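Here are the chains, one letter per residue:
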Amino acid sequence: MENTVRWGILGTGKIARAMAQGLRDAPGAQLVAVASRSDVGAQAFGAEFGIERCHGSYQALAMDPGVDVIYIATPHTLHAENALLCLVAGKHVVCEKPFTMNAREAQAVVDLARDKKLFLMEAMWSRFLPAVQEAQRIIASGEIGVLQQVQADIGFVANFPPEHRMFNPELGGGALLDVGIYPLSMAAFFLGPVSQVQALAEMGATGVDEQVVFSLLHAGGGTSSCACSLRAQTPTEMTISGSLGRIRLPNRFYKPDHLIVETMDGERRVVAMPHLGNGYAHEAIEAMRCIRAGLLESPVMPHADSVALMHNLDTMRGQIGLVYRSDLSADRA
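The structure presented is a predicted model; accordingly, all values stated were derived computationally and were not measured.

### A short note on unusual backbone geometry
Inference 1: Cis peptide bonds are those with omega within 30 degrees of zero, and the linkage from Lys97 to Pro98 qualifies with -15 degrees.
Inference 2: Among the secondary structure elements, Pro98 is positioned in the loop between strand S5 (92–96) and helix H5 (103–116).
Inference 3: Within the chain, Lys117 stands out as a residue other than glycine whose phi angle is a positive 55 degrees.
Inference 4: Following the sequence through the fold, Lys117 ends up in the loop between H5 and strand S6 (120–123).
Inference 5: Here Thr236, not a glycine, exhibits a phi torsion of approximately 55 degrees, which is positive.
Inference 6: Judged by its relative accessible area of 6%, Thr236 falls in the buried class.

Right, here's the structure in full:
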C-alpha cells in the first residue's frame, strides 16, 4: 500500500468544502487538519468532516508537524501570503486558482518552493479530470489533425451584493481572475504558451470586470477565442478544433464527464469519462503522485504555466484598466 499523505486545508469556505469532499475519493489521502481565522470556524469545519486537528490560525496549521501538504482555499488576495507561510514552514502546497494576484507574486512563491525543494502546484482541477486527459490523448494520436483553434466561454449570473468577493476589488473580484482563468488555462493546456493576448471588458459599478472577451495567439501556432461573464448564463463549452476534426467539451467544460469527437468524414462519437466524486480527487491524486516521487512540480500544471498565465492576466488587466491593491503595493516597493 502506498504511503498515506496527510493533508491540511487552509480556509473553511465553499472551495475548502469541495476539496474536503474530494479527498475522500483520493486513495492514500488523509485529511488530518484544518485552519480558520477563528477557533469556532475551524471546529465547525472539523466536526463536519471528522478532522482531528482544528487550528484557529493559519500559522498554527503551517507549523503542524502532522501535516505533509496544505491545500490553500482562501480568497485570491491571500494566496501568495498563505503559500509563502506554508512553504517557509516546510510544507508542500497545492494552491487554489488563480495562483496569485499577479505574476510578481507567482514568481516569488515558485522561487521559494524551489529554494526549499518543496512540491508546489496550482489547483487547476479541470486539467486533471479524465475527460480532459482523454482529449489530450486523442489530440496526441493525430485523430483531429493539427490543432489550430480553441473556443471557450464561461459565464453565470452573479446575483450577489457589491461587497461579495465576486464584485469586491479588495478581495480580487471580477470575472477574469475568478472564472476567466478557466478558458485561459485550458486553452494554454491544449495549444501551448500564449505569445499575444487582447482583451475587451465591461466594467461594473464596483470597478471590477463583469464581462471580458479575449483572444489569444499561441507561440507554437493556433489561436483561441475566450469569454467570461458574471452577467450572463453562457453555454460554458469548449471546442478544440484541428485540421481533421474537433473535440467538444460540452456543458461546463471545466467539469466534463464526457467528450464528443467529430471528424471531417462525418463520424461522431461520445466518449464517457466519468470523474471520481465531485472531481476534486484527481488533482489531489496527482499531487500525491508527485510528492511520493520527489517531484517539485506536476507536468500537468507546471510552475512555468502558472507564472505565464498570471503574466497573461496582468497584460489583460492592463488593457481593460483593472488594478488591484496588490499591484499598487508592488509599485511602492
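Additional details are given in the paragraphs that follow.
### Overview of the environment of Phe45
Inference 1: Checked against the element boundaries, Phe45 lands in helix H2 (residues 39–49).
Inference 2: Counting along the chain gives 10 residues from Phe45 to Ala35, while the straight-line C-alpha distance between them is 8.9 Å.
Inference 3: When neighbours within four sequence positions are excluded, Phe45 is seen to be in contact with Thr12, Ala16, Arg17, Ala20, Val34 and Ile51.

### Quick word on the domain arrangement of the chain
Inference 1: Under the domain assignment used here, the chain contains domain 1 (5–125) and domain 2 (130–274 + 311–327).
Inference 2: For domain 1 versus domain 2, the separation of C-alpha centres amounts to 26 Å.
Inference 3: Opposite the 12 residues of domain 1 that make contact, domain 2 presents 17 residues.
Inference 4: Buried area between domain 1 and domain 2, both sides added, is near 1,300 Å², and the carbon and sulfur share of it is 61%.
Inference 5: Counting across the interface, domain 1 meets domain 2 through 0 salt bridges.
Inference 6: For the interface between domain 1 and domain 2, the tally reads 6 residue pairs in polar contact (both at pLDDT 80 or more).
Inference 7: Among the elements that take part in the side of domain 1 that touches domain 2, H5 stands out by supplying 3 residues, more than any other.
Inference 8: Partitioned by chemical class, the residues of the side of domain 1 that touches domain 2 number 5 nonpolar, 3 polar and 4 charged.

### Examining the packing of helix H1 (residues 14–23) against H2
Inference 1: Between H1 and H2, the least distance of the axes is 11 Å, while the angle of their chain directions is 30 degrees. When the interaxial angle is binned, H1 and H2 end up roughly parallel. Crossing angle aside, the handedness with which H1 passes H2 is right-handed. Along the contact surface, H1 presents Ala16, Arg17, Ala20 and Gln21, while H2 presents Phe45, Glu48 and Phe49.

### So, the packing of aromatic side chains
Inference 1: Summed over all chains, the structure comprises 6 aromatic pairs.
Inference 2: Ring centres of Trp125 and Tyr254 lie 6.4 Å apart, and the angle between their planes is 55 degrees; this geometry places the pair in the tilted category. One end of the pair, Trp125, is in the loop between S6 and helix H6 (130–141); the other, Tyr254, is in the loop between strand S12 (245–249) and strand S13 (258–263), with 129 residues separating them in the sequence. Summarising the burial analysis for this pair, Trp125 and Tyr254 share the class buried.
Inference 3: An aromatic cluster is defined as three or more aromatic residues linked by ring pairs; in this entry it consists of Trp125, Tyr182, Phe253, Tyr254 and Tyr280.

Conventions adopted
- The residue numbering used here restarts from 1 in each chain and proceeds along that chain's sequence as written.
- With the structure being a predicted model, the display of local features is reserved for residues of pLDDT at least 70 and the display and counting of side-chain atom pairs for 80 or more, all residues being used for whole-chain, interface and lining totals.
- As a rule here, side-chain values come from all non-hydrogen atoms in the structure, and water together with hydrogens is ignored.
- What counts as a helix is a DSSP run of H or I of at least four residues, what counts as a strand is a run of E of at least two, and both are numbered from the N terminus.
- Exposure is judged per residue with a 1.4 Å probe applied to protein chains only, and the accessible area is read against the type maximum: over 50% gives exposed, under 20% gives buried, and values in between give partly exposed.
- We call two residues in contact whenever any of their non-hydrogen atoms come within 4.5 Å of each other.
- The source of the domain bounds is an automatic or database domain assignment.
- A simple way to read buried area is as the amount of 1.4 Å-probe accessible surface that goes missing from two parts once joined, with both sides added.
- Each salt bridge in this description consists of a side-chain nitrogen of Lys or Arg and a carboxyl oxygen of Asp or Glu lying within 4 Å of one another.
- Two N or O atoms count as a polar contact when they lie within 3.5 Å, although within protein this holds only if one can serve as hydrogen donor and the other as acceptor, and sequence-adjacent residues are included solely when both atoms are side-chain atoms.
- Only Asp, Glu, Lys and Arg are considered charged, only Ala, Val, Leu, Ile, Met, Phe, Trp, Tyr, Cys and Pro nonpolar, and every remaining residue, Gly among them, polar.
- Comment: axis = line fitted to C-alpha atoms, over the contacting stretch for helices; angle = value between 0 and 180 degrees taken between N-to-C directions.
- For classification, angles of less than 35 degrees are called roughly parallel, those exceeding 145 degrees roughly antiparallel, those between 65 and 115 degrees roughly perpendicular, and all remaining angles oblique.
- What makes a crossing left-handed is the near helix being turned counterclockwise from the far one by less than a right angle; a clockwise turn instead makes it right-handed.
- Here a pair means two rings of Phe, Tyr or Trp (six-membered ring of Trp) with centres within 6.5 Å. Their orientation is stacked below 30 degrees between planes, edge-to-face above 60, and tilted elsewhere.

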